[in-house]
Amino acid sequence: MRLGAPWWFLDSPDGLRRFRAAVTETAGFYNTAGFVDDTRAFASIPARHDLARRIDAGHLAGLVAGGLLDLDEAVETAVDLAYTIPREVYARPTG
């Protein structure tokens, strides 16, 4: 099972920050599924995903500034959170 920030419950930057801090502390980054969204407001989906990526980047920056994560690890994790993990989690089933 993977965790994803449900936009409909965390409809604010602070809500997304609270989610990232709480989930990362116990589940880590690699047990998340990326940003979970719905399509009711189709035109706003790119902006919401951009906000989620910025929140994740800010969280990673705080870990780097606090000496808890190296910069190269933060960059790799940012790419994984924004691209690699969601692509893996939401891949079309094969066969």
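Since the model is a prediction, treat every value here as computed from it, not as a measurement.

1. Brief notes about the packing of helix α1 (residues 13-27) against helix α2 (residues 45-65)
A pair of packed helices is captured by two measures, namely the crossing angle of their axes and the spacing between those axes.
And then number 1: The N-to-C vectors of α1 and α2 enclose an angle of 50°; their axes lie 10 Å apart at closest approach. Taken as axis vectors, α1 and α2 run oblique relative to one another. Here the hand of the crossing between α1 and α2 comes out right-handed. For the pair α1 and α2, the contacting residues are P13, L16, R17, R20, A21 and T24 in the first and L51, A52, I55, D56 and H59 in the second.

2. Description of the pattern of salt bridges
Where charged atoms from two side chains of opposite charge approach closely, those side chains can pair.
And then number 1: Scanning the model with the defined rule gives five salt bridges in all.
And then number 2: With a closest N to O distance of 2.6 Å, R2 and E88 form a salt bridge. A residue pair is termed long-range when its members are at least 10 positions apart, and R2 in the segment before β1 (3-6) and E88 in helix α3 (residues 71-89) qualify at 86 residues.
And then number 3: Residue R53 is joined to D50 by a salt bridge in which the shortest nitrogen-to-oxygen separation is 3.8 Å. Here the residue R53 and the residue D50 both occupy positions in helix α2, the gap between them amounting to three residues, near one helical turn.
And then number 4: Salt bridges linked by common partners bring D50, R53 and R54 together as one network.

3. Digging into α1
And then number 1: The terminal C-alpha atoms of α1 lie 20 Å apart, and with 15 residues this matches the ideal 21 Å at 1.5 Å per residue to within 8%.
And then number 2: If you check which residues of α1 are buried, you get G15, L16, F19, R20, V23, T24 and A27. Viewed end-on, α1 has its buried residues packed into an arc of 145°, placing them on one side of the element. Turned more than 90 degrees away from the buried face of α1, the exposed residues are R18, E25 and T26.
And then number 3: Backbone geometry just downstream of α1 places G28 in the positive-phi region, at approximately 80°.

4. Describing the confidence of the model for the chain
And then number 1: On average, the chain scores 89 in pLDDT, and the residues at 70 or more come to 95%.
And then number 2: Of all helices and strands in the chain, the one with the weakest mean pLDDT is β1 (76), whereas α3 scores best (95).

Cut-offs applied
Residues numbered from 1 in each chain as written. Predicted model: local features only at pLDDT ≥ 70, side-chain atom pairs only at ≥ 80, totals over all residues. Heavy atoms only, no water. Axes fitted to C-alpha atoms, helices over the stretch in contact; angles between N-to-C directions. Helix = DSSP H or I, 4+ residues; strand = E, 2+ residues; numbered from the N terminus. Parallel < 35°, antiparallel > 145°, perpendicular 65-115°, else oblique. Left-handed = near helix turned anticlockwise from the far one by under 90°. Contact = heavy atoms within 4.5 Å. Salt bridge = Lys/Arg side-chain N within 4 Å of Asp/Glu carboxyl O. Expected span 1.5 Å × (residues − 1). Buried < 20%, exposed > 50% of the residue type's maximum accessible area, 1.4 Å probe, protein only. Arc of directions from axis to C-beta. pLDDT = per-residue confidence, 0-100.

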